[in-house]
Structure formats: C-alpha cells, structure tokens
Amino acid sequence: MTAAIMDWSDDMALIRDAAREAGEVALSYFGQSPEVWWKNEGRSPVSAADFASNERLHELLTAARPDYGWLSEETDDDSARLSRETLFVVDPIDGTRGFIGGDRTWCVSVAVVHRGQPVAGVLVAPALDEEFFAAVDQPALKNGETVAVSHPRPDAPLTLAVAEDILKGLEPAHRGAISSIHHVPSLAYRLAMAADGRIDGAIV
C-alpha cells in the first residue's frame, strides 16, 4: 500500500495533540528569559524551552509509535532511524531567536515521513493561537478552515518573506517586482503564511 492511499488520520491526531502539549510547555517559558546556549559555532541559539518542548514530544510520540524513527532539531541523531520505514521529524521550537526576543511568530513543527515522503504535518503557534495541519491527499487547514495559496496578478508585485541582504543581492528589475514583509524568524511559519495566502512565497 502506498503512502498516498494509506490512512494517516491516527498519526495526524497523534502529532496534533503532541504538538499542542509541547506548545503549552514552550509557552510557559515565553517571555520568561529562559536559559540560552549557542550551537553551530555560536550561530544558532537553543533555549531551555526548546529542550523542554523536545522532551515532551519525544516522550509522547515514541511511546505511541515505538517502531517509528526519530529525527529532531535538538536531539543527537540516531542513525537507527535510517532503517525505519516511518519516522517523526520535529523542531520543538522553530524560530528560537524570535522566541527569545519576544516575537510571537514561533511554532512547534512535527511531521510524519513514510518511505522518504512527508505524509502528515502540523505547525502549532500557541502564542498566536494558530494551528496548521496537512496530510497527503487532504486539504491544508488553519484552525480547522481550508487554506489556499495566493494567485498574484502578473502585473502586481509579489509579496515575499525575504531578508534584506538577499533582496539587495537581486537584480534591480527583480527587486522592483517584490514587496517584502517584516522579517519573520520562523521559516516554518513563513511557509504557513504562503500556504494560507498571506504572502506569495519566501526566499531563503
């Protein structure tokens, strides 16, 4: 049976509930100046909230699906996942830098990947009271309502999430065709904004 025709509703419910719980854990640290460490040679922050959210996700998901593999932004990689047909891929707080600075556009990101293909995914943004769900062959939802990407007019500028340094590096003609938004720290949330039509896309 292929991923496209398998029923992933139980896994969707599982990751949804787990992401909600992890989001509540992270939210309890938000605005409370959690302890922060630096990884990737000091380029990327990780906070006590990331670790606490990650621990809750790991506890809930691996207990429910002990035969699934595990890949997390904040957990040492376990190569055993490579032998698993299905695995969880998580980022306990996407947008940690913004989270630390008090920006509300951070989210808990959880997906189920089967045979190399994503089949179910959720983004929970508790500080915004927003939730995004998507599963293979199912509509994408925001807070229970179907969302769709934008359909910009050919003569209208594209509304994009793009960093100022990248924008400056584009050819002048391309820069003139772009209306950039205020920086959103979470890449996952930028993708959600494209999914629900608030922006036309993102350049990273």
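The structure presented is a predicted model; accordingly, all values stated were derived computationally and were not measured. Here the residue index of a chain counts from 1 through its sequence in written order. Predicted model: local features are reported for residues with pLDDT of at least 70 only, side-chain atom pairs are reported and counted for 80 or more only, and whole-chain, interface and lining totals are derived from all residues. Based on all heavy atoms of the structure, the side-chain values leave hydrogens and waters out of the count.

## Regarding the overall build of the protein chain
Elements are defined by DSSP. Helices are runs of H or I of four residues or more, strands are runs of E of two residues or more, and each kind is numbered from the N terminus. When helices and strands are counted, the protein chain shows six helices and twelve strands. Our radius of gyration looks at C-alpha atoms and nothing else; its globule reference is 2.2 Å times the residue count to the power 0.38. Here the C-alpha radius of gyration of the protein chain, 18 Å, is about what a compact globule of 204 residues would show, namely 17 Å. Taking the principal axes of the C-alpha coordinates as reference, the protein chain spans close to 50 × 45 × 30 Å. Of all 204 residues assigned to the protein chain, the portion counted as buried reaches 42%. Note on contacts: a residue pair is in contact if any heavy atoms of the two residues lie within 4.5 Å. Pairs at least 24 residues apart make up 52% of the contacts formed inside the protein chain by residues separated by at least 6 positions. Two residue types count as positive, namely Lys and Arg, and two as negative, namely Asp and Glu; His and chain ends fall outside the count. Taken as the charge location is NZ of Lys, CZ of Arg, CG of Asp or CD of Glu. Each charge class in the protein chain was averaged separately, 17 positive and 32 negative side chains, and the resulting centres sit 4 Å apart. Accessibility here uses a 1.4 Å probe with only protein chains present; expressed as a share of the type maximum, an area under 20% marks a residue as buried, one over 50% as exposed, and anything in between as partly exposed.

## Regarding the packing of helix 1 (residues 9-27) against helix 2 (residues 48-64)
With their axes 8 Å apart at the nearest point, helix 1 and helix 2 run at an angle of 155 degrees to one another. As far as their axial angle goes, helix 2 and helix 1 are roughly antiparallel. Helix 1 and helix 2 meet at a crossing whose hand is right-handed. When helix 1 is examined against helix 2, the residues Leu14, Ile15, Ala18, Ala19, Glu21, Ala22, Val25 and Ala26 are found in contact with a partner set consisting of Ala49, Ala52, Ser53, Arg56, Leu57, Leu60, Leu61 and Ala64. Each residue gets one of three labels, nonpolar for Ala, Val, Leu, Ile, Met, Phe, Trp, Tyr, Cys and Pro, charged for Asp, Glu, Lys and Arg, and polar for the others, Gly among them. Along the lines of polarity and charge, the residues of the contact of helix 1 with helix 2 split into 13 nonpolar, one polar and two charged. For helices, the axis comes from a line fit to the C-alpha atoms of the stretch in contact; other axes are also lines fit to C-alpha atoms, and the angle between any two N-to-C directions lies between 0 and 180 degrees. These descriptions rest on fixed angle ranges, namely under 35 degrees for roughly parallel, over 145 for roughly antiparallel, 65 to 115 for roughly perpendicular, and the rest for oblique. Handedness of a crossing follows from how the near helix is turned relative to the far one, being left-handed for an anticlockwise turn of less than a right angle and right-handed for a clockwise one.

## A word on the side chain of Ser47
Tracing the backbone shows Ser47 in strand 2 (residues 44-47). There is a polar contact of 2.7 Å between the side chain of Ser47 and the side chain of Asp50. When residues no more than four places from it in sequence are discounted, the contact partners of Ser47 are Pro34, Glu35, Val36, Trp37, Thr96 and Phe99. Two N or O atoms count as a polar contact when they lie within 3.5 Å, although within protein this holds only if one can serve as hydrogen donor and the other as acceptor, and sequence-adjacent residues are included solely when both atoms are side-chain atoms.

## Quick look at helix 1
For helix 1, built from 19 residues, the straight-helix expectation of 27 Å at 1.5 Å per residue is met to within 8% by its first-to-last C-alpha distance of 26 Å. When we look at burial in helix 1, the residues that qualify are Asp11, Met12, Leu14, Ile15, Ala18, Ala19, Ala22, Gly23 and Ala26. Along the axis of helix 1, the buried residues cluster in a sector spanning 165 degrees; they form a single face. Turned more than 90 degrees from where helix 1 packs its buried face, Asp10 and Glu24 sit exposed. By this rule the span expected of a helix is its residue count minus one, scaled by 1.5 Å. To obtain the arc, one takes the directions from the helix axis to the C-beta atoms.

## So, the environment of Glu73
Checked against the element boundaries, Glu73 lands in the loop between strand 3 (69-72) and strand 4 (86-94). Given a relative accessible area of 44%, Glu73 falls into the partly exposed group. The spacing of Glu73 and Val90 is 17 residues in sequence and 6.5 Å in space, taken between C-alpha atoms. Excluding residues that lie within four positions of it along the chain, Glu73 makes contacts with Lys39, Val90, Asp91 and Pro92. Here the side chain of Glu73 touches Lys39 through a polar contact of 3.3 Å, side chain to side chain.

## Side note on the pairing of strand 4
Counted residue by residue, strand 4 has eight buried out of nine residues, so it is predominantly covered. At least two DSSP bridges between two strands are required for those strands to pair. Inspection of the sheet shows strand 3 paired to strand 4 by four bridges, in the parallel sense. Considered in strand 4, the bridge of Gly69 is made with Leu87.

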